[in-house]
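Reading the structure
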Amino acid sequence: MCDSKKASNPGAGRGFFWRGRFCPELPRSAPTLAAMLWVKAFHIVFVASWFAGLFYLPRIFVNLALVAPGSTAEHARLVLMSRKLLRFTTILALPALLLGLWLWMGYGIGRGSGWMHAKLAVVLLALGYHHACWLLLRRFEQGANRRSHRWYRWFNELPVLLLVAAVVLVVVKPF
């Protein structure tokens, strides 16, 4: 919502503390503010859920990469788990993205700010990571995996970095 730079400059904007004086990007009426806070709360819930799936899916890939060549039942079970998790994670990503767009375009949160441009870049990277997971799962389904379990362990660290970057950009607003 407000960052410390705006809060320390009382001359920026007009109105009350939450109605524009320190946070000019926020809505001006209390009912609109309450609605925006509900949208923001659900956005956070869906983003956390989406990333939980992105954290766990590569862990299944690690186990898939460790499956012995003749163990078809274990391979099929892990591929089925991966497919279901990816589907569920995709379903969770859609409201996260739509609610984020609603905050940005509907309420003007971060509009024209450098931190928001950086956050949108992080969101695009997260979508690219999600797509990469889908491509890797297709390779496992086709029996065409060429990567080691160690590679998947490193691959599993990327969404952590993306989530940290997004949270820091939104909370700290460094630029």
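Below you will find a few notes about this structure. (Residues numbered from 1 in each chain as written. Predicted model: local features only at pLDDT ≥ 70, side-chain atom pairs only at ≥ 80, totals over all residues. Heavy atoms only, no water.)

**Observations regarding the packing of aromatic side chains**
- The full count for this structure, using the stated rule, is 10 aromatic pairs.
- Residues Trp38 and Phe42 carry aromatic rings whose centres are separated by 6.1 Å and whose planes lie at 25 degrees to one another, so their mutual orientation is stacked. Placement of both Trp38 and Phe42 in helix H3 (residues 30-66) is noted, with a separation of four residues, approximately one turn of the helix.
- Judged by relative accessible area, which is 56%, Trp38 ranks as exposed.
- By the ring-pair criterion, three or more aromatic residues cluster together here, those being Phe61, Tyr129, Phe140, Trp151, Tyr152 and Phe155.
- A cation over a ring is seen here: Arg147 above Trp151, with NZ or CZ 4.1 Å from the ring centre.
- Above the ring of Trp115, the side-chain terminus of Lys173 is found at 4.8 Å from the ring centroid. (Phe/Tyr/Trp six-rings, centres within 6.5 Å; stacked < 30°, edge-to-face > 60°. Helix = DSSP H or I, 4+ residues; strand = E, 2+ residues; numbered from the N terminus. Buried < 20%, exposed > 50% of the residue type's maximum accessible area, 1.4 Å probe, protein only. Lys NZ or Arg CZ within 6 Å of the ring centre and 35° of its normal.)

**Some points on a nonpolar patch on the surface**
- On the surface, Val160, Val164, Val167, Val168, Val170, Val171 and Val172 cluster together to form a nonpolar patch covering roughly 540 Å² of accessible area.
- Turning to its location among the elements, Val160 is positioned in helix H7 (residues 158-172).
- On the accessibility criterion, Val160 (34% relative accessible area) is partly exposed. (Patch = residues over 30% accessible without salt bridge, like charges linked within 9 Å, V, L, I, M, F, W, Y side chains within 5 Å. Areas by Shrake-Rupley, 256 points an atom, 1.4 Å probe, with all protein chains shown as cover. Salt bridge = Lys/Arg side-chain N within 4 Å of Asp/Glu carboxyl O.)

**Some words on helix H4 (residues 72-106)**
- In a regular helix each residue adds 1.5 Å, so 35 residues correspond to 51 Å; H4 covers 50 Å between its end C-alpha atoms and thus fits that length.
- Along H4, the positions that sit buried rather than exposed are Leu78, Val79, Ser82, Leu85, Leu86, Thr89, Leu92, Ala93, Ala96, Leu99, Gly100 and Leu103.
- Where H4 is buried, its residues contact H3 and helix H5 (114-142). (Expected span 1.5 Å × (residues − 1). Contact = heavy atoms within 4.5 Å.)

**A closer look at the packing of H5 against H7**
- With their axes 9 Å apart at the nearest point, H5 and H7 run at an angle of 160 degrees to one another. With respect to their mutual orientation, H5 and H7 come out roughly antiparallel. H5 and H7 meet at a crossing whose hand is left-handed. Here Trp115, Ala118, Lys119, Val122, Leu125, Ala126 and Tyr129 of H5 come into contact with H7, specifically with Leu158, Pro159, Leu162, Ala165, Ala166, Leu169 and Val170.
- Classifying every residue of the contact of H5 with H7 by side-chain character gives 13 nonpolar, no polar and one charged. (Axes fitted to C-alpha atoms, helices over the stretch in contact; angles between N-to-C directions. Parallel < 35°, antiparallel > 145°, perpendicular 65-115°, else oblique. Left-handed = near helix turned anticlockwise from the far one by under 90°. Nonpolar A, V, L, I, M, F, W, Y, C, P; charged D, E, K, R; others polar.)

**Considerations on the nonpolar core**
- Counting residues in each nonpolar core, the largest one holds 29 residues, and the members touching the most others are Trp50, Phe51, Phe61 and Leu64.
- Secondary-structure elements contributing two or more residues to this core are H3, H4, H5, helix H6 (149-155) and H7.
- Looking at which element gives the most residues to this core, the answer is H3, with nine residues.
- Among all residues touching Leu64, those that are not within four sequence positions of it are His75, Leu78, Val79, Ser82 and Phe140. (Core = buried A, V, L, I, M, F, W, Y, C linked by side-chain atoms within 4.5 Å.)

**Observations concerning the packing of H3 against H7**
- For the pair H3 and H7, interaxial distance at closest approach is 9 Å and the crossing angle is 155 degrees. As the angle between them shows, H3 and H7 are arranged roughly antiparallel. The residues of H7 that touch H3, namely those facing Phe51, Leu54 and Phe55, are Pro159, Val160, Leu162 and Leu163.
- Residue classes in the contact of H3 with H7 are distributed as seven nonpolar, no polar and no charged.

**Overview of H5**
- Taking 1.5 Å per residue as the helical rise, H5 with its 29 residues ought to reach 42 Å, and the 42 Å between its terminal C-alpha atoms agrees with that figure.
- For H5, the set of buried residues is Trp115, Met116, Lys119, Val122, Ala126, Tyr129, His130, Cys133, Leu136, Leu137 and Phe140.
- As for H5, its buried residues are in contact with H3, H4, H6 and H7.
- At the exit of H5 stands Gly143, carrying a positive phi of roughly 70 degrees.

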